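Residue-level structural notes
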Amino acid sequence: MEFRLLGTVSVDTRTGPLPLGPAKRRSLLAALLLSANTPVPVARLTDSLWGEEPPPRARGVIQGHVSRLRALLTGAEAQAYGVELVTLGDAYVLRVPETLLDYQRFEELLMLARQQRSAADTVRMLDDALSLWQGPALGGTFTEGPLQAAAHTLEESRLATVEELARAYADLGEHHRAASVLRAEAVAHPMRESLAAALILALYRAGRQSEALDWFHRTRRLLADELGIDPGHELADAYALILRGGPRPGAAPAGGTDAAGASRAGTGPAEGAGTTAPPGPRVPAAHNPSVAPHPTDLLPRAPRGFHGRNAELAALTRAAAGEAPVCLVTGPAGVGKTSLALQWAHHNPAAFPDGRLFADLRGFSETGEPALIDVLREFLLALGVAPRRVPESVSAAAALFRSLTDRRRLLVVLDNARDSATVRALLPGGTDCVTLVTSRNRLEGLIASDAARPVPLGILEPQDGTALLAGVLGEERILAEPVAARRLAELCGGLPLALRVTAARLAGRPQWTLAGLADELADERGRLTFLDVDDTGVSAALRLTVQQLPADAVRQLARLGHHPGGHFDPYTCAALAGTDPAAAAAALERLGSAHLVTETAPGRWVLHDLVRLYARGLDPASGAEALVDVLDHYIATALAAADTAEPGGEPCFVLPEGYRPAAVRDFADRAAAMHWLATERDDLARAAVAARGAGLHDRAWRIILLQWPQVVWRVRDSWAPLLELALDSARAKQDLYAESRVLNLLGWVLTEEGRTAEALTLLERSPGLAQQAGDRLGEATALINLAVVQAGQGELDRALEGCGRAVVLAREEEDRHTEMLALQHLARLQLSAQRPGDALGSARTALALGPEHEEAARRSLLLAVSGEARLALGEEDEGILLLDRAAEEAEHAGYDEGAVRALEALLRVSARAEYRTRHALALRRLTDGG
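Residues numbered from 1 in each chain as written. Predicted model: local features only at pLDDT ≥ 70, side-chain atom pairs only at ≥ 80, totals over all residues. Heavy atoms only, no water.

Focus on the overall build of the protein chain
In terms of helices and strands, the protein chain carries 45 helices and 16 strands. Its C-alpha radius of gyration of 38 Å places the protein chain more than 25% over the 30 Å reference for a compact globule of 930 residues. Oriented by its inertia axes, the alpha-carbon framework of the protein chain measures out at about 110 × 90 × 55 Å. Within the protein chain, the fraction of its 930 residues that count as buried is 54%. In the protein chain, the 97 positive side-chain charges and the 119 negative ones have mean positions that sit 5 Å from each other. (Helix = DSSP H or I, 4+ residues; strand = E, 2+ residues; numbered from the N terminus. Rg over C-alpha atoms; globule rule 2.2 N^0.38 Å. Buried < 20%, exposed > 50% of the residue type's maximum accessible area, 1.4 Å probe, protein only. Lys, Arg positive; Asp, Glu negative; His and termini not counted. Charge placed at Lys NZ, Arg CZ, Asp CG, Glu CD.)

Overview of the confidence of the model for the protein chain
On average, residues of the protein chain carry a pLDDT of 84, and 91% of them reach 70 or more. Taken as a whole, residues 250-294 scores under 50 in pLDDT and shows 88 contacts with residues more than four places along the chain or in a different chain. (pLDDT = per-residue confidence, 0-100. Contact = heavy atoms within 4.5 Å.)

Digging into the pattern of salt bridges
Enumeration according to the criterion identifies 61 salt bridges in this entry. R177 is paired through a salt bridge with E174; the nearest N and O atoms lie 3.3 Å apart. Note on E174: relative accessible area 28%, which makes it partly exposed. Among the charged side chains, a salt-bridge network with shared partners connects D884, E891, R912, E914 and R918. (Salt bridge = Lys/Arg side-chain N within 4 Å of Asp/Glu carboxyl O.)

Overview of the environment of G145
Take G145: it is sitting in helix 6 (residues 145-171). A relative accessible area of 40% places G145 in the partly exposed class. Between the C-alpha atoms of G145 and D47, which are 98 residues apart in sequence, the distance is 7.0 Å.

What about the sheet that holds strand 8 (residues 356-360)?
Strand order in this open sheet of 5 strands is 8-9-10-7-11, and the pairing throughout is parallel. Edge strands, defined here as strands with exactly one partner in the open sheet, are strand 8 and strand 11 (453-456). Each neighbouring strand pair of the sheet contributes to a mean axis angle of 15 degrees, computed without reference to strand direction. Direction of pairing for strand 9 (residues 411-415) relative to strand 10 (residues 434-439): parallel, over a ladder of 4 bridges. (Pairing = 2+ DSSP bridges. Axes fitted to C-alpha atoms, helices over the stretch in contact; angles between N-to-C directions.)

Section: the pairing of strand 10
With 6 of its 6 residues buried, strand 10 lies for the most part within the structure. With burial as the criterion, each face of strand 10 is covered, one bearing V434, L436 and T438 and the other bearing T435, V437 and S439.

A few points about helix 40 (residues 816-832)
Since the α-helix advances by 3.6 residues per turn, residues separated by three or four positions end up pointing in the same direction. For helix 40, with 17 residues, the first-to-last C-alpha span of 24 Å sits near the 24 Å given by 1.5 Å per residue. Among the 17 residues in helix 40, 14 count as buried, and that is most of the element. At the N-terminal end of helix 40, a side-chain oxygen is found 3.3 Å from the backbone nitrogen of H817, two or three residues along, and the residue is D815. Directly beyond the C-terminal end of helix 40, a positive phi value near 60 degrees is found at Q834. (Expected span 1.5 Å × (residues − 1). Polar contact = N/O pair within 3.5 Å; in protein donor to acceptor, adjacent residues only side chain to side chain.)

Considerations on helix 4 (residues 102-114)
Taking 1.5 Å per residue as the helical rise, helix 4 with its 13 residues ought to reach 18 Å, and the 19 Å between its terminal C-alpha atoms agrees with that figure. Those residues of helix 4 that fall on the buried side of the exposure criterion are D102, Y103, F106, L109, L110 and A113. Projection of helix 4 onto a plane perpendicular to its axis shows the buried side chains occupying an angular sector of 115 degrees, all on one side. On the buried face of helix 4, the contacting elements are strand 1 (2-4), helix 1 (23-34), helix 5 (119-131) and helix 6. (Arc of directions from axis to C-beta.)

Section: the nonpolar core
Of all hydrophobic cores here, the largest spans 222 residues; its most connected members are F3, L138 and W344. It is helix 29 (residues 623-645) that contributes the most residues to this core, 12 residues altogether. The next biggest cluster of nonpolar side chains, apart from the first, holds 28 residues, and it includes L361, L380, A398 and C433. (Core = buried A, V, L, I, M, F, W, Y, C linked by side-chain atoms within 4.5 Å.)

Some remarks on the packing of helix 36 (residues 756-763) against helix 38 (residues 776-792)
Where helix 36 contacts helix 38, the two axes come as close as 10 Å, and the packing angle between them is 140 degrees. Crossing of helix 36 over helix 38 shows left-handed handedness. Judged by residue contacts, T756, A759, L760 and L763 of helix 36 engage N785, L786, V789 and Q790 from helix 38. (Left-handed = near helix turned anticlockwise from the far one by under 90°.)

Notes on a nonpolar patch on the surface
Residues M191, L227 and I229 make up a contiguous nonpolar surface patch of roughly 240 Å² in combined accessible area. You can see M191 is positioned in the loop between helix 7 (175-188) and helix 8 (193-205). (Patch = residues over 30% accessible without salt bridge, like charges linked within 9 Å, V, L, I, M, F, W, Y side chains within 5 Å. Areas by Shrake-Rupley, 256 points an atom, 1.4 Å probe, with all protein chains shown as cover.)

Quick word on the sheet that holds strand 14 (residues 567-568)
Strand pairing in a sheet relies on backbone hydrogen bonds. The paired strands run either parallel or antiparallel. Across the sheet, 3 strands lie side by side as 14-16-15; this open sheet has antiparallel pairing. Two strands lie at the open edges of the sheet, namely strand 14 and strand 15 (598-601), each paired on one side alone. Bridging between strand 15 and strand 16 (residues 604-606) involves 3 bridges; their strand directions are antiparallel. From the neighbouring strand, A601 faces strand 16, where its bridge partner is R604.

Brief notes about the packing of aromatic side chains
Scanning all chains against the criterion turns up 7 aromatic pairs. Across the ring face of W215, the terminal group of R218 is positioned such that the distance to the ring centre comes to 4.2 Å. R912 extends its terminal NZ or CZ atom over the ring of Y915, reaching a point 4.7 Å from the ring centre. (Phe/Tyr/Trp six-rings, centres within 6.5 Å; stacked < 30°, edge-to-face > 60°. Lys NZ or Arg CZ within 6 Å of the ring centre and 35° of its normal.)

Topic: the packing of helix 43 (residues 876-893) against helix 44 (residues 896-907)
Where helix 43 meets helix 44, the closest approach of the two axes is 8 Å, and the angle between their N-to-C directions is 155 degrees. Accordingly, the angle class assigned to the pair helix 43 and helix 44 is roughly antiparallel. The handedness of the crossing between helix 43 and helix 44 is left-handed. Residues I880, L883, D884, A886, A887, A890 and E891 of helix 43 form the contact with helix 44, whose participating residues are G898, A899, A902, L903, A905 and L906. The residue inventory of the contact of helix 43 with helix 44, partitioned by class, reads 10 nonpolar, 1 polar and 2 charged. (Parallel < 35°, antiparallel > 145°, perpendicular 65-115°, else oblique. Nonpolar A, V, L, I, M, F, W, Y, C, P; charged D, E, K, R; others polar.)

Considering unusual backbone geometry
A positive phi angle is found at R362, which is not glycine, with a value near 50 degrees. Even without glycine at this site, S718 takes up a positive phi of about 60 degrees. Within the secondary structure, S718 is located in the loop between helix 33 (708-713) and helix 34 (720-732).

Things to note about the environment of L165
Within the element layout of this structure, L165 appears in helix 6. With relative accessibility at 3%, the residue L165 sits in the buried group. On a C-alpha basis, the gap between L165 and T153 in space is 18 Å, while along the polypeptide they are 12 residues apart. Sequence-distant contacts of L165, defined by excluding residues within four places in its chain, comprise V123, L126, D127, L130 and V181.

Points about the environment of D896
Among the structural elements, D896 can be located in helix 44. Measuring from C-alpha to C-alpha, the distance between D896 and D519 comes to 45 Å, with 377 residues separating the pair along the chain.

As C-alpha cells, this is what we get:
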C-alpha cells in the first residue's frame, strides 16, 4: 500500500488504486495525510474542503466521507500495513507508517542526498527523489485555503530539489545536463528568479554565453513588464559573474561550485584591495569565440593601480541589471569616480557586444563643456553614420542616436557631468543599453526623471589607501614603513587623488622616507601645497568644483573652513556666515549636491579635512571673526539648552564682552535640550580649545560651564579634563566668579570619581571666592558640594553646618532651585547622622517647593531619601513604596544613577526578584554609558 500526494492524490494497493471518488473525499484524505499520525480537528477539515463558506451540514458531510474512506481502507486490508482511520473526540487521525507516504520518502531522499560526499551519489539520490513526482502536488483536490498552501510548499520543495540537482551536475562538470534540467522548469516558472539565475550560470559554464545573456534579458524584461520590478540580487549576481568573466569549468578554484561562484558574483571586478584585474582568465575578444569583437570602443585606457571599491563595483553591477538602467556614480572631487567607471566598463566587454561609447562632458573643467551636438556627432560616427547624414540640430541628432541604439546592447559612459539636462540628451534608446554617468553633483533631477540609480563613492579605508600607495611605490617601500604608510593614507583623508599625488612625490624621490613626508603633511598650513604636483592636485580639483557655485555658497564654504568643530548645522552655518538658518540650509544643500559637505544625519553635516583646509584658504582674513561668531553661537545655544533642561537653574552670568548674538534653535523640551548637549559635546569641547588657543578665555569657560546639566546627568563620564581647561581660562581672566563656579562643578565631579582629596582641596577655596565675587548662590552651591566631601571624610557636623548655611543663602536669594538642592543634600546628611525624622522633614520641604522647580533626577533622589527615612523610622511598607516610586521615576527619566541608588536601598530590605533584575539592568546601563 502506498499513499501518494506528489501528483494526483491516490492510494495504490496490490490490486490497483482505490476508487476514492469525488474531489471532496480526496481533499479530506489529503488533509489527513498531510498531518499523518496527528489529530486533525473537524474545523480544520471544514476549512480545507470549503474555505470560508462551508455548507450548513458540513460536519455531516465530513462524517460521511470519513465513513466511506474507512470502508475503502478496511476493504484493502489497510490494517495489515499499520494503517487506521480513527475518531478522537472532535477530530480524526489517520495512523500510517511514514514509509507509505511518498512525500515523506521524498524528504528522506533529500536528506540523504545532502549527506553524500560524492556528487555522483548526490545526483542519483536526487533523481530518485524527483522520480516520485507524478504531476502537480495534491492533484484532484479542492485547491483552496490550507490545501493550496500545502501544495505550494511541496512545489517549492520540488523546485529547490531541481536546483540542487543542477548544482550537483555542475560539481561533476556536466553543465549541459544542468542547463537541460533547469530549462524546462525555468520555462514553466518564468518569474522564479533563482531558477533563471541557475540556468544562466549553467549556460554560461557550458560555453553558451550568448544564450545565458539572452535568458537574463528575457527574464529582466518579463519582470519589468509583469511586475514592474528589476532583477533581485541573485539574478543580478549571476549576470555580474558573466559580465566580469567569472570562473568557468577548468578555471574555477579547487573545490568551487556554481553556487559559490554565484555568491561571489556580486563582489564586482576588483576582488580585494590591491586587485588590478578581475579573477579568472580574460581572453582578448579577437581570440575568444564566445565574445564578438566590438564594432566601436571609445573607452579610454583602463585605470592603473586601481584598488579596493569592491562594494561599489558590486553595487554598480546590480544597478546595471535593470531595464535601460542609468547608473550614477557621484562623489567629491578626487574620490576616483572616473577610475571606478572605467574599471567596471573595461572588465565587462561581453555584456556590450554592440560597443562602448565614452564622452568627457567636462562639467567641472576650466576649458568649458563640449557642445552637445559635438558629443552626439562623435557617437553617431562611431555607430557607423556617414558624416553627411549626421543631423545639425541637437534634437534631431539625439533622436537618431536613440533610434540607432533601440535594439542594441551598448554601454554609454558620460563622465564628469555637471547637470541632469546634459545627460538626458545623450541617453540611448535601447532597453538593453546601460548608461554610466559620473558627477560631482548628486543630479537628483536625473534620479527623478530617469530613475537613475545612485552609487555614491566615498573615501578609501586606510588599508585600501596604503594598497594604492604600494601600487605606485612598490610593496617593499610600504612594508619598510607600515605605520608611516597608514599615517600618510589618513593624512590624505582617504582621497585617491591626494594619495596618488603623494605617491608621485615619493616615487620621484627615493631618498625621502614615508615618515618624513607624513611629518610635512601633518602641518595643516602646508598640506594642500604638498598635495599638488604639476597640473594635478587636490586644490586644482576643488577649485574647479567651487568655481561652479553661486557666491553665497562660496562664502558659506569659506566660513565653514574656520569652524573649530567636526559637525555643523544650519544654525551654526548661519552664525559663521552672518545669514539666517534658512539661507544657510539652502547653501548647505548646494554644497552637499556638489559633494563639498556630507550630511551624516538629518540637518547635521561634516567637511572632509582637505576640503576644510581648502575652504579656509578661500578667505583667510575672516578666520578670527568667524571663530568669535561661532563661539557666541555656541554660548547662546548652550544657554537656551541649559535653561530648557533646568529651568531656573544655575549658573547665570553676564554675556562676554563684544558678544554678537545669532539665531538660536528652540528646544521643545528637556529631552531635546539634553540630546543637543550630548550630541554636540565633542564639538563644544573643540570650540572651547579653539577659544583658549585664540586667547578668548571669557568664551572658553562659558562654553564648558554651560554644559553643567549634562555633567550632572552623566557625572562619571570623564568631564574633569574639560573642566580643568575651563579653570585655566577662568584664572587667565582673573574672574573670581568663573573660578568659583568651575571649582564647584569640578570638585563635585572629582568627588563622584572617588578623587576625594583633590576635590576637597578645590572645594575649600570655592565659597571664599564666591563671597569675594558677591555670588551668594554660587557660595551656596559651593557649600553644598563641600559638605558632601566633608561628610565622606567623617566631618559630619561641619557638613551639616555648611549645608544648613546653603539653605539659608538660597532662601535669602529666593532661589527655590538652589534651595531644593541644599535641602536634598541636607536630608541625606541628616539621615547619615541618624536623624531620620529631620531628614524626612527636609525632603518634604524640598518636595513642597513646587513642581515647577522639580526635575526628574532631584525628585527621584528626594523620594529615595524619604523612603530610607521611613525605613529608619520603622515604617517599612511606606519606605518600600517611596523607594519603588523613586526607582520608577529615575528609570522613566533615564537617570540610571538614581535608579541604582534607590534599588540598592530596596534590596537591603526586600528580596524580590523584580528589584534584583531592575538593579542589574540599571547598573548595566550606567556602566555602558546609557
